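Structural description and commentary
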Amino acid sequence: MDIARVVATRSNCIRRHVAAVVVKDQRIISTGYNGTPRGVKNCYEGGCPRCSSDAPSGTGLGECICSHAEENSITQAAYYGIPLAGATLYTTISPCIICAKMIINAGICEVVYEGEYQFTRQIKALLKQAGVKCRKLS
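Reading the values: the criteria
Residues numbered from 1 in each chain as written. Predicted model: local features only at pLDDT ≥ 70, side-chain atom pairs only at ≥ 80, totals over all residues. Heavy atoms only, no water. Helix = DSSP H or I, 4+ residues; strand = E, 2+ residues; numbered from the N terminus. Buried < 20%, exposed > 50% of the residue type's maximum accessible area, 1.4 Å probe, protein only. Pairing = 2+ DSSP bridges. Axes fitted to C-alpha atoms, helices over the stretch in contact; angles between N-to-C directions. Contact = heavy atoms within 4.5 Å.

**Section: unusual backbone geometry**
If you check the backbone angles, glutamine 26 has positive phi at about 60° while not being a glycine. With respect to the helices, strands and loops of the structure, glutamine 26 is situated in the loop between β1 (19-24) and β2 (27-33). In this structure glutamine 26 comes out as exposed when scored by relative accessible area, which is 80%. A positive phi angle, near 50°, is found at glutamine 118, a position not held by glycine. Along the chain, glutamine 118 falls in the loop between β4 (110-115) and α5 (121-129). Taking relative accessible area as the criterion, glutamine 118 reaches 44% and is therefore assigned partly exposed.

This is the structure we're talking about:
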């Protein structure tokens, strides 16, 4: 988790810095942090109109163009042809529903998170039903 906290400092999102680190066989195989997609103007440069607005936290998320840390760690692995089946994902905050679905479909078997952010019963039930262990780091 310490490594995830350092990776979060790479985030270009002006609202929140989040990171995910994927580990398999006690080796880091992928990392990701939240921010605008590859080749798109960085969030802090005005790349994401939603993040630059005064929208309250947790609202207007459908308008946000930033990719989540979990999403980026999964897509980075895919970009470089790294399989994630059986891996553990460490993230600085709990996954949203979209990231939970990506975690399941990528074959990640465990999620370890530090803080909770809108970690609903639905998300927890979905991960449990799919056999993904989930635990909060204490």
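**Structural notes on the sheet that holds β2**
Read across the open sheet, the 5 strands follow the order β2-β1-β3-β4-β5; overall the sheet is mixed. Single-partner strands in this sheet number two, and they are β2 and β5 (133-136). Each strand of the sheet is rotated relative to its neighbour by a mean of 20°, with strand direction disregarded. Pairing of β1 with strand β3 (residues 88-93), which is carried by 4 bridges, proceeds in the antiparallel orientation. By the bridge assignment, valine 23 is partnered in β3 with threonine 88. Contacts between helix α3 (residues 69-79) and the sheet are confined to β1, β2 and β3, with β2 contributing the most and set at about 125° to the helix.

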